[in-house]
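Residue strings, one per chain:
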Amino acid sequence: MIPIHWSEITNEWKECFRTAWESFKEGSRPVGAIVIDDKGHLVSTGKSATFGQLSDTVISNNEIAHAEVNALLKLDNRIHKEVNSYVLYSTLEPCPLCFCAFYMSGIRNLRYAAKDKYGGSTNLRGTTPYLSKKPIVIEGPVKYLEQLSILLNVYFDLCNNYEKAIPVHELMSEDYPMIIELAKEWVESAKLKNPRKLKIEDVFEMLMKDLRSKELLI
Ligand SMILES: [Zn+2]
């Protein structure tokens, strides 16, 4: 089902986006990742912590402290012996680091919310004998959650004048032109200036309202 209201989103995606929002509230990039076990239980969450010390992360203040890596590093293989049937969720298509960490973790199912034409590297699958070996399943993007993911990331970059993100936005705008524009509008009106007063469900409903008013909600 395509979610139009927060209540229509699956619990796994709700948790994944809550994690991304926590990251944003703590001053870091709003990317979140979670791992679900074969019984559907949440076993791990990971935030993007390259921009600072964040709560509940394995590594912070490091260029490779990405959300998926932080989620995967929590899986102690003495406890999690059967990870093949686990699922890794990420709000953004994994970069080369995170895609290969997923691949090497033994988890075989990957779901991501939004495409990332710049750094997204799920197309590495099948490019070497090793990366052709495992029967992995990749699903994504997810309608409307992809818009939420891109909106949060572009908003974060613009607020922080993150110049390295300019070429990223250029490529993302090929897939999400209206969302890049909407993120600029949200920055100009400081729509997320008090993130601690907002829940991720509030942000999602604000996005849906804007898409509806622009007649972009299909
Ligand atoms: Zn990554």
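An account of the accompanying structure is given in this report.

Cut-offs and rules
Residues numbered from 1 in each chain as written. Predicted model: local features only at pLDDT ≥ 70, side-chain atom pairs only at ≥ 80, totals over all residues. Heavy atoms only, no water. Helix = DSSP H or I, 4+ residues; strand = E, 2+ residues; numbered from the N terminus. Rg over C-alpha atoms; globule rule 2.2 N^0.38 Å. Areas by Shrake-Rupley, 256 points an atom, 1.4 Å probe, with all protein chains shown as cover. Buried < 20%, exposed > 50% of the residue type's maximum accessible area, 1.4 Å probe, protein only. Donors = N, O, S within 2.8 Å, 3.2 Å for Na, K, Ca; no water.

This part covers the overall build of the protein chain. The secondary structure content of the protein chain amounts to seven helices and five strands. Across the protein chain, helices and strands are ordered from the amino to the carboxyl terminus as α-β-β-α-β-α-β-β-α-α-α-α. In terms of overall dimensions, the protein chain is globule-like: its C-alpha atoms have a radius of gyration of 17 Å, near the 17 Å expected for 218 residues. With respect to the principal axes defined by its C-alpha atoms, the protein chain has extents near 50 × 35 × 35 Å. Of the roughly 10,700 Å² of accessible surface on the protein chain, a fraction of 51% belongs to carbon and sulfur atoms.

It is worth spelling out the side chain of Ser 28 at this point. Within the secondary structure, Ser 28 is located in the loop between helix 1 (11-25) and strand 1 (32-36). Look at Ser 28 and you get buried, because its relative accessible area is 0%.

Our focus in this paragraph is the coordination of the zinc ion. Bound to the zinc ion on the protein side are His 66 (ND1), Cys 95 (SG) and Cys 98 (SG), at distances that span 2.1 to 2.3 Å. All donors of the zinc ion come from a single chain, and their spacing in sequence reads H-x28-C-x2-C. Highlighted residues: His 66 in the loop between strand 2 (42-47) and helix 2 (67-73) and Cys 95 in the loop between strand 3 (87-92) and helix 3 (96-105), separated in sequence by 29 residues.

Quick look at the environment of Phe 24 now. Within the element layout of this structure, Phe 24 appears in helix 1. Given a relative accessible area of 11%, Phe 24 falls into the buried group. For the pair Phe 24 and Leu 152, spaced 128 residues apart in sequence, the C-alpha separation works out to 8.3 Å.

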